[in-house]
Amino acid sequence: MSGHGSRVPAGRAGRLRLRRNLATALRGAVLLERKLRLLLDRERVARRAAEEAGAVWRQRLAEADSWLVRGVLLGGEAALAEAVPADHARIDVGWAALMGVRHPGTVSWTDPVRSPEEPTPPNSALAHAETAYRAAVRAAAEHAVHRAAAGLLAAEAVRTRQRVRALRRHWIPRLRDELAAVELALEEGEHEEAVRRRWAAERGAR
């Protein structure tokens, strides 16, 4: 009778097992649907944050490029080389979890530090370019983190939706059909037993 594992025993034991399996499948579907809603909500938030960070990134990058051109025109490429600090920026990504799905959650940025011995940008245009480039890189990092998070959440949402569909369209209807068949067989068996008892009682009364 059953196509999903061990054969369901006949009679009341089979009916009890099917009822338990059906209740478990229904609870599972509800939990998966809740998980799906949370995943989709978080994915939308991540995509919106990625779009906003992407817009800031492109704007700051355009500003930085514009200031860079002015600074090079004023001081030459040698001035640009002198203005670059030896230190590097640092980006740290913090991870989060939602319903068992690990994804990038936060990003922190540490500016490169220029030592007192290092020269500062020789003109204001290059100073503005440095500030704008740092802002652009921060925004690019935020864009990448939120976009990666949205991708991971979306992939898990697809898998969760498939599991919900399998439960709602196949597993639960099959269990209900099997339960109905077992209950019908029990009802028919009980009816036949009642007829036999009545028949036996009538024969005994003669």
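Our subject is the structure that appears above.
The paragraphs below set out a description of the structure included in this document. Just so we're clear, the structure is a prediction, and the values are computed from it rather than from any experiment. (Residues numbered from 1 in each chain as written. Predicted model: local features only at pLDDT ≥ 70, side-chain atom pairs only at ≥ 80, totals over all residues. Heavy atoms only, no water.)

This brings us to the nonpolar core. Judged by nonpolar contacts, Leu18, Leu22, Ala25, Ala29, Leu32, Val164, Leu167, Ile172, Leu175, Leu179, Val182 and Leu186 together constitute the single largest core of 12 residues. Elements with a contribution of two residues or more to this core: helix H1 (11–83) and helix H2 (124–205). Among the nonpolar cores identified, the runner-up in size contains 6 residues, and Leu36, Leu39, Leu98 and Leu153 belong to it. (Core = buried A, V, L, I, M, F, W, Y, C linked by side-chain atoms within 4.5 Å. Buried < 20%, exposed > 50% of the residue type's maximum accessible area, 1.4 Å probe, protein only. Helix = DSSP H or I, 4+ residues; strand = E, 2+ residues; numbered from the N terminus.)

Here we take up the side chain of Asn123. Tracing the backbone through its elements, the reader meets Asn123 in the loop between strand E2 (101–110) and H2. Among the polar contacts listed, one links the side chain of Asn123 to the backbone nitrogen of Ala125, at a separation of 3.2 Å. When residues no more than four places from it in sequence are discounted, the contact partners of Asn123 are Gly71, Leu74 and Gly75. (Polar contact = N/O pair within 3.5 Å; in protein donor to acceptor, adjacent residues only side chain to side chain. Contact = heavy atoms within 4.5 Å.)

Right, let's talk about a nonpolar patch on the surface for a bit. There is a patch of nonpolar side chains on the surface, built from Ile91, Val93, Trp95, Val137 and Leu152 and spanning about 420 Å² of accessible area. It is strand E1 (residues 90–98) that contributes the most residues to the nonpolar patch, 3 residues altogether. Checked against the element boundaries, Val137 lands in helix H2. (Patch = residues over 30% accessible without salt bridge, like charges linked within 9 Å, V, L, I, M, F, W, Y side chains within 5 Å. Areas by Shrake-Rupley, 256 points an atom, 1.4 Å probe, with all protein chains shown as cover. Salt bridge = Lys/Arg side-chain N within 4 Å of Asp/Glu carboxyl O.)

On a regular strand, one side chain projects to one face of the sheet and the next to the other, so that they alternate. Relative to E2, E1 runs antiparallel, the two being bridged by 9 bridges. Across the sheet, Asp92 pairs through a bridge with Ser108, a residue of E2. (Pairing = 2+ DSSP bridges.)

Although it is not a glycine, Met99 adopts a positive phi angle of roughly 50°. The topology assignment puts Met99 in the loop between E1 and E2. By relative accessible area, which is 35% here, Met99 ends up partly exposed.

Under the criterion given, the structure shown has 0 aromatic pairs. Across the ring face of Trp67, the terminal group of Arg70 is positioned such that the distance to the ring centre comes to 4.4 Å. (Phe/Tyr/Trp six-rings, centres within 6.5 Å; stacked < 30°, edge-to-face > 60°. Lys NZ or Arg CZ within 6 Å of the ring centre and 35° of its normal.)

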